[in-house]
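# Examination of the molecular architecture
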Amino acid sequence: TRSTRPQRMLKAVQKNAIRGNPESVISAIDYFCKHSEWAMNVGDEKGCILDSVVTEVDPSTVLELGTYCGYSTVRIARLLSPGTKFITVEFNPASAEVARKIIAYAGLQDKVTLVEGASGDLIPQIKKLYGITTFDFIFLDHWKDRYLPDIKLFEEYGLLGKGSVLLADNVICPGTPEYLEYVRNSPRYESRYYPSHLEYTKVEDGLEKSLFLG
Ligand SMILES: Cc1ccc(Cc2cc(O)c(O)c(C(=O)NC/C=C/[C@H]3O[C@@H](n4cnc5c(N)ncnc54)[C@H](O)[C@@H]3O)c2)cc1
Ligand SMILES: [Mg+2]
């Protein structure tokens, strides 16, 4: 049967990247997306903004919603200090399997806990299951209509602390209007928009960084 795009992306990583070298895995995926098949990774342009925010926050606890193939997982994990707790959530088993292999190929499997499931089911259990009280950094890149309900779950379950940073992909394209309206108007957040482009295209897109004020 025909392979899937994530499987072809994995093949490209295994063929073109150097095992244990996260930079080469990132470059191999970006090359695949630019020259073979577009895929919905955060990409190199927005990826550099992601890198700078992760470096600035230097988090001890990280949550990513929407692992997909693990591209942003690798970008984030390669920057984390030893001992950082990093959970990434993916509900499509096929995507999760490809992501596990790409993360392992980059040599970052010991830094990442990939949880298969839906964010809405997992978030209420994170404290109990993983002993995490609050997240220092959260990257949202899953279904766009889940951003708002999930940030409300973070608040409800006390997973945000003063200074927690949320970074949301695709706030322009595909767009997350309700989420943007919420974080930009809530007195509990200080938000800033980072203009960029939809991965591997010239279409306008950007990231929204929101600081939880407590
Ligand atoms: C019109 C249009 C279409 C597409 C684009 C291009 C474009 C550009 C982008 O950067 C994009 O991030 C997206 C996009 O749709 N991303 C959705 C990403 C989903 C992945 O996350 C998984 N997932 C989805 N909800 C959950 C959830 N609750 N719990 C756990 N995992 C979840 C899925 O299993 C997928 O692995 C699209 C631009 C414009
Ligand atoms: Mg995205």
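For the structure itself, look to the data block above.
Here's what I pulled together on the structure shown here.

Parameters at a glance
- Residues numbered from 1 in each chain as written.
- Chains lettered and ligands numbered in written order.
- Predicted model: local features only at pLDDT ≥ 70, side-chain atom pairs only at ≥ 80, totals over all residues.
- Heavy atoms only, no water.
- Axes fitted to C-alpha atoms, helices over the stretch in contact; angles between N-to-C directions.
- Helix = DSSP H or I, 4+ residues; strand = E, 2+ residues; numbered from the N terminus.
- Parallel < 35°, antiparallel > 145°, perpendicular 65-115°, else oblique.
- Left-handed = near helix turned anticlockwise from the far one by under 90°.
- Contact = heavy atoms within 4.5 Å.
- Nonpolar A, V, L, I, M, F, W, Y, C, P; charged D, E, K, R; others polar.
- Near = heavy atom within 4 Å.
- Polar contact = N/O pair within 3.5 Å; in protein donor to acceptor, adjacent residues only side chain to side chain.

## Let's talk about the packing of helix α1 (residues 5-16) against helix α2 (residues 22-35)
- Packing of α1 against α2 brings their axes to within 9 Å, and their N-to-C directions diverge by 130 degrees. Taken together, the axes of α1 and α2 lie oblique to each other. As α1 packs across α2, the resulting crossing turns out to be right-handed. Contacts between α1 and α2 involve Arg5, Arg8, Met9, Ala12, Val13 and Asn16 from the first element and Val25, Ala28, Ile29, Phe32 and Cys33 from the second.
- Of the residues that constitute the contact of α1 with α2, the class distribution is eight nonpolar, one polar and two charged.

## A closer look at the site of ligand 1
- Neighbouring ligand 1 are 22 residues, the closest being Glu90, Asp141, Lys144, Asn170 and Glu199.
- Within the side chain of asparagine 170, a nitrogen or oxygen atom sits 2.6 Å from an oxygen atom of ligand 1.
- Residue glutamate 199 places a side-chain N or O atom 2.5 Å away from an oxygen atom belonging to ligand 1.

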